[in-house]
Amino acid sequence: MDEQELNDYKKAGSIAKQVVAYAKSIIKKDMPLVEIAQKIHKKIEDLDALPAFPVNLSIDDVAAHYHPTIEDKTLATGLLKIDIGVHINGFIADTAFSLDLTEDNQHKDLIQASQDALEAALDLQNENPTLHQIGSTIQETITKQGFSPIVNLSGHGLAQYQVHAGLTIPNYGSSNNHKLDTGAYAIEPFATTGVGKIHEGPSSNIFAITNPKNTRGVTARKILEFFSEKYQSLPFSLREAQEKFGPMARLAVRQLEQEGVLHHFAQLVENSHKPVSQAEHTFLKTKEGKIIITTK
Ligand code: MN
Ligand code: MN
């Protein structure tokens, strides 16, 4: 990793931290998700960065991948996961936290479990662990507290303009004895009171350009040009397309999806429909040791 890349990662991390603090300060129970999404997006751009993906605002049994459209009336309630990505020149900081918006704080312990698992997994990095050791530590930390990790969601490597690159970092004790090379990684334990698996549910309203080609629709062409210029292959939201291109955006995005230009992300829903908590940080593994870019 050269100096410029290291600095860009650190800058992305520092901005992500500021956005997390801002998100914690503004999010209140019953705030419309679309308002939260717009404010977080604006904050990232005000800090001279860009979102690495549309902020994920996922409630209760939706573990990840939800972003509201502009018509969306969903309010912040229950167990809300806020997953934020920020990039500088394509170098990404990926970080998430959970908020308990119930009146009696019923998800407090579940939130603590994913946080503890994340901390334990990050502490372990000083010992150059195998993927098996990282996953086991996450699993044991969560199960000791009476919950289950989501076994088919995982941490991941990061690369320039790629949110998921290289290795996946399991949230359970897989038998993989690989160790992490130097590079950027996100660790993201999910804990649930349910069975601990997710499936693909309804639309997340999040898309990525996977196969850019000529398209006939005028709005579709404009959308393709705008988002490939702004985000390259990183994900974008239908919401931003609606704000930029108006009422034609929804149909145009659907057309691009049908033409095979866009990949459409699904919501990731817990199989037994039980609440899920998440915690995530990004760290750099360097020859000199680890640098966690999204913590204090
Ligand atoms: Mn994330
Ligand atoms: Mn991630």
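What counts as what
Residues numbered from 1 in each chain as written. Chains lettered and ligands numbered in written order. Predicted model: local features only at pLDDT ≥ 70, side-chain atom pairs only at ≥ 80, totals over all residues. Heavy atoms only, no water. Pairing = 2+ DSSP bridges. Helix = DSSP H or I, 4+ residues; strand = E, 2+ residues; numbered from the N terminus. Axes fitted to C-alpha atoms, helices over the stretch in contact; angles between N-to-C directions. Contact = heavy atoms within 4.5 Å. 1 Å grid on protein atoms, 1.4 Å probe; cavity = no way out; pocket = protein on both sides within 12 Å on 5 of 7 lines; lining within 4 Å. Points joined across faces, edges and corners; volume = space filled by probe spheres on them. Nonpolar A, V, L, I, M, F, W, Y, C, P; charged D, E, K, R; others polar. Domains from an automatic or database assignment. Buried area = accessible area lost by both parts, 1.4 Å probe. Expected span 1.5 Å × (residues − 1). Buried < 20%, exposed > 50% of the residue type's maximum accessible area, 1.4 Å probe, protein only. Arc of directions from axis to C-beta. Core = buried A, V, L, I, M, F, W, Y, C linked by side-chain atoms within 4.5 Å.

The next subject is the sheet that holds strand β4 (residues 91–100). The strand order β1-β3-β4 describes an open sheet built from 3 strands, whose pairing is antiparallel. Of all strands in the sheet, those with a lone pairing partner are β1 (50–59) and β4, marking the two edges. Taken pair by pair, the neighbouring strands of this sheet meet at an average axis angle of 10 degrees, ignoring direction. Across 7 bridges, the pairing between β1 and strand β3 (residues 79–88) is antiparallel. Bridge pairing in β3 links S58 to K81. In this fold helix α2 (residues 33–46) packs onto β1 and β3, with an angle of close to 155 degrees to the strand it touches most, β1.

Space inside the largest pocket adds up to approximately 570 Å³. Taken together, 30 residues line the largest pocket, and the ones lying closest to its centre are H65, V163, H164, P235 and F265. Looking at the lining of the largest pocket, the elements with two or more residues in it are β1, β6 (155–159), β7 (162–169), β10 (198–209) and β12 (262–270). Split into classes, the residues belonging to the lining of the largest pocket amount to 14 nonpolar, 12 polar and 4 charged.

Next up on the list: the pairing of β7. By the bridge criterion, 4 bridges tie β6 to β7 in an arrangement that is antiparallel. The residue bridging H156 from the neighbouring strand is T168, located in β7. Between β6 and β7, which pair antiparallel in sequence order, lie 2 residues; one of them, Y161, sits at a positive phi of approximately 60 degrees.

Before going further, it helps to spend a moment on the domain arrangement of the protein chain. The domain boundaries assigned to the protein chain delineate domain 1 (3–193 + 273–295) and domain 2 (202–267). For domain 1 versus domain 2, the separation of C-alpha centres amounts to 25 Å. On the domain 2 side, the residues contacting the 25 residues of domain 1 number 21 residues. Roughly 1800 Å² is buried in total at the junction of domain 1 and domain 2, and carbon and sulfur atoms are behind 59% of that figure. Per-residue buried area on domain 1 facing domain 2 is highest for H65, H67 and Y161; these three make up 31% of the total on that side.

Turning next to helix α5 (residues 218–231). Compared with an ideal rise of 1.5 Å per residue, which puts 14 residues at 20 Å, α5 spans 20 Å between its outermost C-alpha atoms and is within 8% of the ideal. Of all the positions in α5, only T219, A220, I223, L224, F227, K230 and Y231 are classed as buried. The buried residues of α5 occupy an angular sector of 150 degrees when projected down its axis, which confines them to one face. Away from its buried face by more than 90 degrees, α5 exposes V218, E225 and E229. Among the structural elements, α2, β1, β10, β11 (236–237), α6 (238–245) and α7 (249–258) are those in contact with the buried residues of α5. Residue Q232 follows α5 closely and has a positive phi angle near 55 degrees.

With 58 residues, the main nonpolar core has I40, L80, I82 and I84 as its most contacted residues. Take this core: its biggest share by element is 8 residues, from helix α1 (residues 3–26). Two domains each donate at least three residues to this core, and these are domain 1 (3–193 + 273–295) and domain 2 (202–267). In this structure, L80 is in contact with I27, L33, L57, S58, I59, F97, S98, L99 and L101, ignoring residues within four places of it in sequence. Within the second largest apolar cluster, 21 residues are counted, among which are L79, L131, I134 and A279.

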